[in-house]
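A look at the structure
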Amino acid sequence: LSGWRCDRGSPGLSNLNRLYPLCALAMAAHQVDRLANTGLVPYDELEVLIQSTLNLNPSTPLDVYGNDIDNLRPGSLLLREMLGRGGNRKYPETIRYFISLMQVERQLDKQPKLLEKLRGHLEVAMSQAEELGPTNESVIETLNTAYQETISTLKFRIMVTGNHGRHLQQGNNPAKVRALLLSGIRAAMLYKQLGGGRLSLLFQRSRIFKDLESIQL
């Protein structure tokens, strides 16, 4: 998906730039879990994540997230807790979604026809967002359709667990969940493009914490 790519910058800068999508990936995974279990999601985080999905011509990695590092602060706090001691017990479902989104992205990246089909949907959603705003129900529904017609056709599928009767199936919550998952896939793609990998999350946690501090996240 050419529109989801941007300049990596120098190798040293790339190492820091990859923290932005990593924080966004954590935010997306957590908000999917939160929405599925409470029916609620913070509007400002939803807006940032949806806008990142619709940004098809970013100039820099931070531009994907509104050129404002504060937009990613919830994700940096979450990353520290997820990767810190006891994180797997505190955020089991968030971590499962986090890993699953990276796995889905790897499959999607090998499907150029699906990527082009996805781009077509995103261009429609982007036009709608310019007129109605990124969190408008019409935009969310277009992203929902995009997910169903592309991501849902892949071999590996993300199973979202939560309160199905009370929250997960209410109103347009299913569409919001898929829109959030799509933003997570977008973040995973950018993270990989900038040289990020899953092994670094396991073996370079202290480096990640140090790098987050260095960019004041």
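Keep in mind the model is a prediction, meaning the values are calculated, not measured. (Residues numbered from 1 in each chain as written. Predicted model: local features only at pLDDT ≥ 70, side-chain atom pairs only at ≥ 80, totals over all residues. Heavy atoms only, no water.)

**Observations concerning the nonpolar core**
Of all hydrophobic cores here, the largest spans 71 residues; its most connected members are Tyr 65, Leu 72, Phe 98, Leu 108, Leu 143 and Val 160. Of all the secondary-structure elements, those providing two or more residues to this core are helix 2 (19–38), helix 3 (43–54), helix 4 (73–83), helix 6 (92–108), helix 7 (112–132), helix 8 (137–149), helix 10 (173–193) and helix 12 (205–214). Considering every element that reaches this core, the biggest residue donor is helix 2, with 13 residues. Apart from residues no more than four positions distant in its own chain, Leu 72 is found in contact with Tyr 20, Cys 23, Ala 24, Met 27, Leu 62, Tyr 65 and Leu 217. (Core = buried A, V, L, I, M, F, W, Y, C linked by side-chain atoms within 4.5 Å. Buried < 20%, exposed > 50% of the residue type's maximum accessible area, 1.4 Å probe, protein only. Helix = DSSP H or I, 4+ residues; strand = E, 2+ residues; numbered from the N terminus. Contact = heavy atoms within 4.5 Å.)

**Points about unusual backbone geometry**
In this structure, Asn 67 takes a positive phi of about 55 degrees despite not being glycine. Residue position: Asn 67 is located in the loop between helix 3 and helix 4. Under the relative-accessibility criterion, Asn 67 is labelled partly exposed at 49%. Its identity as a non-glycine residue notwithstanding, Gln 216 has a phi of 60 degrees, on the positive side.

**Remarks on the side chain of Ser 76**
Topologically, Ser 76 is positioned in helix 4. Look at Ser 76 and you get buried, because its relative accessible area is 1%. Other than its neighbours up to four places away in sequence, Ser 76 contacts Cys 23, Leu 212 and Leu 217.

**Some words on the pattern of salt bridges**
Oppositely charged side chains can form a pair if their charged atoms are brought close together. This model, assessed by the stated rule, comprises seven salt bridges. A salt bridge links Glu 81 to Lys 90, with the shortest nitrogen-to-oxygen separation between them at 3.0 Å. A residue is classified by how much of its surface remains accessible, and Lys 90, at 56% relative accessible area, is exposed. The salt bridge partner of Asp 109 is Lys 192, with a shortest N-O separation of 3.2 Å. One end of the pair, Asp 109, is in the loop between helix 6 and helix 7; the other, Lys 192, is in helix 10, with 83 residues separating them in the sequence. You can call Lys 192 partly exposed: its relative accessible area is 32%. Counted as one network, the salt bridges with shared partners bring together Glu 105, Asp 109 and Lys 192. (Salt bridge = Lys/Arg side-chain N within 4 Å of Asp/Glu carboxyl O.)

In short, geometric facts, not functional conclusions.
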